[in-house]
Each structure stands twice: as C-alpha cells, then as structure tokens.
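Structural characterization, general
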Number of protein chains: 2
Amino acid sequence: MSKIRIGIVGYGNLGKSVETGIMQNKDMELVGIFTRRDPSTIKTVTDDASVYHIDDARKWKDQINVMILCGGSMSDIPEQGPYFAKMFNTVDGYDTHAKIPDYFDEVNKNALESGKVCIISSGWDPGMFSINRLYAEAILPVGNTYTFWGKGISQGHSDAIRRIKGVKDAKQYTIPIEKAIDAVRNGEMPELTIREKHKRECFVVVEEGADKAQIEQEIKSMPNYFADYDTEVHFITEEELIKNHSGLPHGGVVIRYGKTGISNEQNHIIEYKLDLGSNPDFTANVLIAYARAAYRLHKEGSSGAKTVVDIAPAYLSSKSAEEIRRSII
Amino acid sequence: MSKIRIGIVGYGNLGKSVETGIMQNKDMELVGIFTRRDPSTIKTVTDDASVYHIDDARKWKDQINVMILCGGSMSDIPEQGPYFAKMFNTVDGYDTHAKIPDYFDEVNKNALESGKVCIISSGWDPGMFSINRLYAEAILPVGNTYTFWGKGISQGHSDAIRRIKGVKDAKQYTIPIEKAIDAVRNGEMPELTIREKHKRECFVVVEEGADKAQIEQEIKSMPNYFADYDTEVHFITEEELIKNHSGLPHGGVVIRYGKTGISNEQNHIIEYKLDLGSNPDFTANVLIAYARAAYRLHKEGSSGAKTVVDIAPAYLSSKSAEEIRRSII
C-alpha cells in the first residue's frame, strides 16, 4: 500500500511537531519541509528530513498528497492558505476565530477551482473544541455551553509581554477559575464575565536596570490582553524561566449543561477535557489526522474548503470501516 | 420551512423520551407513535400525540421522514431495523456491541435497496462514546483508551436480579472504581481486569418469606452479570426503592492517555465525560439529532446503513454551515 505523502510548510514549533508526529502514523511519510529561510541553515529534528525553499513548493505539486500549513495565523496562513489551495490539498490550524468565515470563503474559491480539499481551522480550538461545542448543542438544545482554556502557556500573550520595553523574556499562563467551572458543573448556568472565567499569571525576565513597577503596570493595563483579567506578575531570573517554564503545556474544557424532560426537570452535563503536555505536539497530531481525511476526501472526488465539522469522524482513522464497527463502535 | 416529520416505533422509556425530546427541536414534528399494543390503551406524555398500531406503519411511508426505533436491542431492533429499512429512513440505538457488524450488513442491504438512510447504534455507548474513542485514537495513535460507565442504573442487570425467585423488584448501579480512573489519568497506562474497573451495587426488594442469604448468593455468583465483579447487595423495602431509586441516571467517561515527541516524552489526556440525569432522555436526544442527519443525508441522495462515525458533525446541527462557522468553530 502506498503511503500518504505529506509536506510541511513553515518550520517553527508546530512544523517540528508535525515532523515527529508523522512518525506515529504508519500510513504516512514526510516528503519535505518548506521554509522561507535558507534551507541549508535548517537543522531538522529527524535525521533524514529534506528541506526546500517555499518558492520551490510548486514543483512538488504531483509528489505531495497533502501540505500541512504550520505558519502563524496572524500573517502567514491568511496568505499561504489561499496560495497553496491552488495547487495542493491542505490542512491548517487557522485560529483567528472572528476571521474564519472570510478565510473559509477565500480558500474555498481557490480549492474549488483547483479541485483540491482544504481543511481549515483544525487543531484543538478551533478544532476538537468546535466539534464538541457542536455535538453538545445539537444533543442538548436547551442549555448553555462554556469553554475554559488552560492551565497553559499562551504564545500570543507571552509575545505581547516581550514587546514591552525592558522585558528580556516572558511566559504567560492562562488559568481557568475553578469557582466558575464548579458553578457550571453545579447547574447554575451562570453568565460569566471575562474576568470571572480566567486569570493570567506572568513570569517575566527583565533587562538590567529596568523599572519593574512600570513594567508590571504596563502589563496589567494592556487592553484586550490583560486589562480585563486579574493578572499576576512574577519577576524571575532567566535561569528560573528556562528551568521551570520552558514547556508548552495547555488544555481546557468544553462543558455543556443541558436540560430535558416535559418540564426541563432532568439535568445533563457533557464535558470534553484536554490536558496537553505539549500544545504544538497535540495540535500537530490533529492536523495530521485531518491530512488523512483531506487525502481520502480528495480521492473520493470531493473539493473545496472544509472545517472539522464537515468531516465524518471515520475519515480520520487509519482503520477500515469494518474494523471500526468491530473494535471501536 | 417544512418540518422534519418523525415517527416513533415502540413506546417504553426511550419512546417517551423521544416524544418529549422532539419538542426541544423547532425544525421537527412528531407524526405518530407506533406500538404493538392496542393503540387505544396508550396514554401518551404529550396531549396531542397520535398512536397507531405498528402494523399500520407502512401506510405512513410517504408522511414520515424518519422513524426512530425505540425497541429493545435484545429482540425488537434486530427484527424491526431491517424491516423498517425497507420503507423508511431510520435511526436506532442498537447496543449489542458484538453483533453490530452483522446487524449493520443486514440493515445496509435493505436500505440500499429502498434508497433510505438508516443510522444504527446511535446513543451514547455505542454512539458518542464510539465517536470519542475514534477521534482520540486517531489523534493520539500511541496510547491507550479506557471506557468507564456509571455511576448509573443498568437496566439489564436490574432485570437479571428481578428474574431470581423471591425477588419482587430490584435496581442495580454500575459504579466505576475511582482508583482505576486515577491510575489512567496518572499515566500509568494500566491493564485493568473487569473487577478492577467497575463494581456493582444492588438494591433488592424481596417477597415475604424469601431466603435473603440464598438470593444474595445467587446474585453474586451469576455468570457474566455479577460473578466477575465485587458486588454489594442491600435488601430494602419497596417504599425505599421507589423513594430513592426511581430515577434512571447514568453516565461515564472515555479517557485516552497518549504520548508524542521524538522519544514519546510528552503526555496528553483526552477525556469525554457524561453525567446524565436521565439515561433515556439523553439517549433519545442523540437519536433525534441523528434523525436530522438521516433526513438531510437522504435528501442529498445518500442511502444505506451508517454508524455515527460515518456522519459529519454538521449534519446534526439545526444551524446553517455559515452560522456554524460564525458562532461555533
């Protein structure tokens, strides 16, 4: 049986996690990593991975079944998604929730023209959390859905702190507030403010002579990122940051509390919870599973942009339909 | 917009829950309840429900979009599933795991001939738990999946106790063993025996003069049902049984513990947990959501038997694709 031939576009944390994740899937092989940097400067995680310049990707049109786009949602994916949709089946983890409808339309147009399947906004949120919000709401139409994130490192918030003058490095943890989760599980169906759902904890390394009080003030008052939250700031040494905060753990939970019965007298809770040692590794593994789906859907003659809710679960599994019915159902 | 017209076959706990569940879905209406009993003897939960004899169901071929089969998996569904597949789109909750492959083939044959869509083994296990086992395994190929049930009432086990001579009534709770769940969450990836995963607690009402010691012995030694478990037996009065054990709560959790990274150094946990006030109500609501899917798939020209893993999540939602991308993804 021939393997599904995968390409990786962008070689940061996520790209590296896709590279190692593919090794867990016997029906796949990595054809190449495509980067904007000089390929000769790239040291890959696995020994035998090939690295090419992103401008050469088009030459691999017939050799690669699915391109997994591993760039950032801020500026890379909005450009690369529509571009690669003209030539390849793609999977990406585009996660700017508010812009997903427009991004979908743009990718869809190109994918319909090229006859390719492009799965957007895969990963865990958007992604597995989206699927679970949908299932839970469809099953319990009367109820409320809550999403909590963390405890985990938020890259975006860590970056925002690093941009402050005098900050050398920083890591930010998003932490769900247990009291709020308990209220949801207790069936109080609370209306929760931003501040009531999550708090933020920051570990900051400053440059010599920096004004810590000023930095703390700047962090806590930063609009969108911190101003609406209770935020704790800890100043630590670079050694402590490396020793205690080098990982990229994350996670979270989607909870739906719903009611059934002739007078809504029965209560139900659906919870989908993730506890992730490595956010990029887990995200990569979701993208890889959807690469299998993209490959199969394209083989069946499907085309266009899709999100995770448009794809039947069985497309993600390496098992046959018969095997699934026998061993998983 | 015309509503999806639903029929209910079989009017026990599940049928009644489907009847009330439909009221939560504005895009659906109940056309009729079909029973083997004399329709004039049936008192429905809602005032305006119509009841017909099951033999007359065929006359409703063109008036009903989807039949929801609410009979038992022991003897009703194996017969009714293939029969109704010849005339109707159907949804059922057939839950005899070992026989699902054969049942699928039989329904599939008839559904392909009639051009109908028949979704089998929907509900929560099989059903939502099956979906979650599949997703979790596809995302974390290196790992173990565990399913725990309860705390909840098992109808099958309660029935088994009731068949013992001298027993007037009984309720049996399946209880997951916390120590085992903790071991899974801690990443011990344990191999668990049947006895290590669940225990069983029985509340039994006996007839006057019955030999309690003998009954307790019979319960605890019953093969398949109790012999492989640690089982507690409590003899209580009929009043206590009615007062404290009349509900049908259930639930459970699917947990996958998996590893990623070049040397499997990262640990991840995916958990899907249900806490259900009423097992039949929740099961009914899953069947109803899949009835929407069956209706839509049939409209698109699909036919044949399907399980929950063959159906894209979006088919379950009453929201449009655009609305889903805007508000759920």
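Residues numbered from 1 in each chain as written. Chains lettered and ligands numbered in written order. Predicted model: local features only at pLDDT ≥ 70, side-chain atom pairs only at ≥ 80, totals over all residues. Heavy atoms only, no water.

Moving on: the relation of the copies chain B and chain A. It takes a turn of 180 degrees to lay chain B on chain A, together with a shift of 0.0 Å along the axis; the resulting RMSD is 0.0 Å. The symmetry that links the two subunits is that of a two-fold axis. Residue Ala312(B) of chain B places its C-alpha closer to the rotation axis than any other residue of that unit, at 1.9 Å. Of the interface residues in chain B, 100% have counterparts in chain A that sit at the interface too, so the contact is made through matching surfaces. (Least-squares fit on C-alpha atoms with pLDDT ≥ 70 in both. Contact = heavy atoms within 4.5 Å.)

For the rest of this paragraph, the subject is the side chain of Asp92(B). Here Asp92(B) shows up in strand 5 (residues 89–92). Buried and without a salt bridge, Asp92(B) has Arg325(A) as its closest oppositely charged side chain, separated by 12 Å. At a separation of 2.9 Å, a polar atom in the side chain of Asp92(B) contacts the main-chain amide nitrogen of Tyr94(B). Ignoring sequence-local partners within four residues, the contact set of Asp92(B) consists of Leu69(B), Ile77(B), Tyr103(B), Ile119(B), Ile120(B), Ser121(B), Ser122(B) and Leu287(B). (Helix = DSSP H or I, 4+ residues; strand = E, 2+ residues; numbered from the N terminus. Buried < 20%, exposed > 50% of the residue type's maximum accessible area, 1.4 Å probe, protein only. Lys, Arg positive; Asp, Glu negative; His and termini not counted. Salt bridge = Lys/Arg side-chain N within 4 Å of Asp/Glu carboxyl O. Polar contact = N/O pair within 3.5 Å; in protein donor to acceptor, adjacent residues only side chain to side chain.)

Structurally, Gln80(A) is set in helix 2 (residues 76–85). Excluding residues that lie within four positions of it along the chain, Gln80(A) makes contacts with Val9(A), Arg36(A), Ile54(A), Leu69(A) and Gly71(A).

Okay, the nonpolar core next. Within the largest apolar cluster, 151 residues are counted, with the highest numbers of intra-cluster contacts made by Tyr290(A) and Tyr290(B). Setting aside its immediate chain neighbours within four residues, Tyr290(A) contacts Val91(A), Ile119(A), Ser122(A), Met128(A), Ile131(A), Val308(A), Ile311(A), Leu316(A) and Tyr135(B). Counting 13 residues, the second largest nonpolar core, distinct from the first, contains Val167(A), Ala170(A), Ile219(A) and Val233(A). (Core = buried A, V, L, I, M, F, W, Y, C linked by side-chain atoms within 4.5 Å.)

With that out of the way, let us pick up the confidence of the model for chain A. Residues of chain A with pLDDT of at least 70 account for 100%, and the chain-wide mean is 97. Scoring of the predicted complex yields 0.97 for pTM and 0.97 for ipTM. (pLDDT = per-residue confidence, 0-100.)

Before going further, it helps to spend a moment on the interface of chain B and chain A. You'll often see interface size given as the accessible area lost when the parts meet. Counting residues at the interface gives 66 residues for chain B, matched by 66 residues for chain A. Summing both sides of the interface, chain B and chain A together bury roughly 5,500 Å²; the carbon and sulfur share of this comes to 64%. Sorting the residues of chain B by area buried against chain A places Ile139(B), Arg325(B) and Ile329(B) first, and these three jointly supply 14% of that buried surface. In this assembly, chain B and chain A are joined by two salt bridges. Across the pair Glu137(A) and Lys319(B) runs a salt bridge, and its minimum N-O distance is 3.0 Å. Our count for the chain B to chain A interface comes out at 27 residue pairs in polar contact (both at pLDDT 80 or more). Counting residues per element, the side of chain B that touches chain A draws most heavily on strand 13 (residues 266–276) of chain B, at 11 residues. Looking at the side of chain B that touches chain A residue by residue, the classes come out as 35 nonpolar, 19 polar and 12 charged. Note that strand 13 (residues 266–276) of chain A and strand 13 of chain B share nine bridges and pair antiparallel. Among the inter-strand pairings, Glu271(A) is bridged to a residue of strand 13 of chain B, identified as Lys273(B). (Buried area = accessible area lost by both parts, 1.4 Å probe. Nonpolar A, V, L, I, M, F, W, Y, C, P; charged D, E, K, R; others polar. Pairing = 2+ DSSP bridges.)

Turning to the sheet that holds strand 12 (residues 250–260) of chain B, a few remarks are in order. The pairing of strands in a sheet comes from backbone hydrogen bonds and takes either a parallel or an antiparallel form. Here we have six strands laid out as an open sheet, ordered 7(A)-12(A)-13(A)-13(B)-12(B)-7(B), and antiparallel in their pairing. The open sheet has two edge strands, strand 7 (143–149) of chain A together with strand 7 (143–149) of chain B, and neither has a second partner. Neighbour-to-neighbour, the strand axes of this sheet turn through a mean angle of 5 degrees, independent of strand direction. With 11 bridges joining them, strand 12 of chain B and strand 13 of chain B adopt antiparallel strand pairing. By the bridge assignment for strand 13 of chain B, Gly252(B) is matched with Leu274(B). (Axes fitted to C-alpha atoms, helices over the stretch in contact; angles between N-to-C directions.)

This brings us to the pairing of strand 11 (residues 230–235) of chain B. Residues and elements named next belong to chain B. In terms of strand pairing, strand 10 (residues 198–206) meets strand 11 through six bridges, oriented parallel. In the strand pairing of strand 11, Glu 201 is matched with Glu 232. For the segment spanning strand 10, helix 8 (residues 212–220) and strand 11, crossover handedness is right-handed. (Right-handed = clockwise from strand over helix to strand, strands pointing away.)

For the rest of this paragraph, the subject is the environment of Glu19(A). Residue and element names in this part refer to chain A. For Glu 19, the position within the fold is in helix 1 (residues 13–22). Residue classification places Glu 19 among the buried positions, given a relative accessible area of 2%. Polar contacts involving the side chain of Glu 19 include one to the side chain of Tyr 11, which spans 2.3 Å.

A few words now on the sheet that holds strand 14 (residues 304–306) of chain A. Residue and element names in this part refer to chain A. Ordered by their spatial adjacency, seven strands build an open sheet running 3-2-1-4-5-6-14, and the pairing between neighbours is parallel. Unpaired on one side and paired on the other, strand 3 (51–53) and strand 14 mark the two borders of the sheet. When strand polarity is set aside, the average angle formed by the axes of neighbouring strands in this sheet is 25 degrees. Both strand 5 (residues 89–92) and strand 6 (residues 117–119) contribute to a ladder of two bridges, which runs parallel. Residue pairing in the sheet places Val 91 in a bridge with Ile 119 of strand 6. Helix-sheet contacts for helix 2 involve strand 1 (4–9), strand 4 (66–69), strand 5 and strand 6, and the interaxial angle to strand 4 is about 175 degrees.

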